[in-house]
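Residue strings, one per chain:
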Amino acid sequence: MDYISNGVIPGQMEDKWFIYFADDALYFHRSWTGFCIYIARLAQLAQLAQPARSAASTQTPGEQSWQLIFAEINADETQHILQEPRYEASMIYYLIDVLLLQRPGAYPESKSVPETQSIEMWSAVGRAMRGEHPNAQ
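Fair warning: this is a prediction, and the values are worked out from it, not measured in the lab.

Thresholds applied
Residues numbered from 1 in each chain as written. Predicted model: local features only at pLDDT ≥ 70, side-chain atom pairs only at ≥ 80, totals over all residues. Heavy atoms only, no water. Axes fitted to C-alpha atoms, helices over the stretch in contact; angles between N-to-C directions. Helix = DSSP H or I, 4+ residues; strand = E, 2+ residues; numbered from the N terminus. Parallel < 35°, antiparallel > 145°, perpendicular 65-115°, else oblique. Left-handed = near helix turned anticlockwise from the far one by under 90°. Contact = heavy atoms within 4.5 Å. Nonpolar A, V, L, I, M, F, W, Y, C, P; charged D, E, K, R; others polar. Core = buried A, V, L, I, M, F, W, Y, C linked by side-chain atoms within 4.5 Å. Buried < 20%, exposed > 50% of the residue type's maximum accessible area, 1.4 Å probe, protein only. Phe/Tyr/Trp six-rings, centres within 6.5 Å; stacked < 30°, edge-to-face > 60°. Lys NZ or Arg CZ within 6 Å of the ring centre and 35° of its normal.

### A short note on the packing of helix α2 (residues 85-100) against helix α3 (residues 114-125)
Helix-helix packing: each pair is described by the crossing angle between the helix axes and the interaxial distance. Direction vectors running N to C along α2 and α3 enclose 65°, while the axes themselves pass 11 Å from each other. Accordingly, the angle class assigned to the pair α2 and α3 is roughly perpendicular. Judged by the twist between their axes, the crossing of α2 over α3 is right-handed. Between α2, through Y87, M91, Y94, L95 and L99, and α3, the contact on the second element is made entirely by E120, M121, A124 and V125. Each residue belonging to the contact of α2 with α3 can be placed in one class, and the counts come to eight nonpolar, no polar and one charged.

See below:
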């Protein structure tokens, strides 16, 4: 959650998103236009109470667990070309994985032809598709 709540501040033209966390929600704005495309609402789950950290767990006892519970998608045709709901949901998770958690993510399946997928991906995440992240240390 530390990575997620830090958000993303674009550092150059190739960074396509400005993302911030406020009031238990992630706000995804396109960096060039400032348009808010997604609002992903998160909820804190019960505190973990196990006495010791297990090998399979990535959380320590006492940490809060969060879950994405609802998302709003900008449907203004002048700001965002709305895709089918499954694609939009996958895009939110992809952006969280690639931009906030800085880990590989599965690019959402789209109706585009294979020849244009790289351009579509560049438009979606810019230099992060090459593993260069705006918040990289």
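### Examining the nonpolar core
Formed by 24 residues in total, the largest nonpolar core has its most connected members in L26, F28 and L99. Broken down by secondary-structure element, the contributors of at least two residues to this core are β1 (17-22), β2 (25-30), β3 (36-44), α2 and α3. Ranked by residue count, the leading element in this core is α2, at nine residues. Not counting chain neighbours up to four residues away, the residues in contact with L26 comprise I4, I19, Y20, F21, Y38, I39, A40, L42, I96 and L100.

### Remarks on unusual backbone geometry
Backbone geometry at D23 places phi at a positive 50°, although glycine is not the residue there. Relative to the elements of secondary structure, D23 occurs in the loop between β1 and β2. Note on D23: relative accessible area 71%, which makes it exposed.

### Thoughts on the packing of aromatic side chains
All chains considered together, the criterion is met by seven aromatic pairs. Arranged with centres 6.1 Å apart and planes meeting at 25°, the rings of W17 and Y38 form a pair that is stacked. Here the residue W17 occupies a position in strand β1, and Y38 occupies one in strand β3, the gap between them amounting to 21 residues. Comparing W17 with Y38 shows no difference in burial state: the two are buried. Taking the centre distance of 5.6 Å and the plane angle of 35° together, the rings of F18 and Y20 count as tilted. A residue is classified by how much of its surface remains accessible, and Y20, at 31% relative accessible area, is partly exposed. Lying across the ring of W32, K16 places its NZ or CZ 5.6 Å from the centre. The ring of W17 carries the charged tip of R30 above its face, separated from the ring centre by 4.5 Å.

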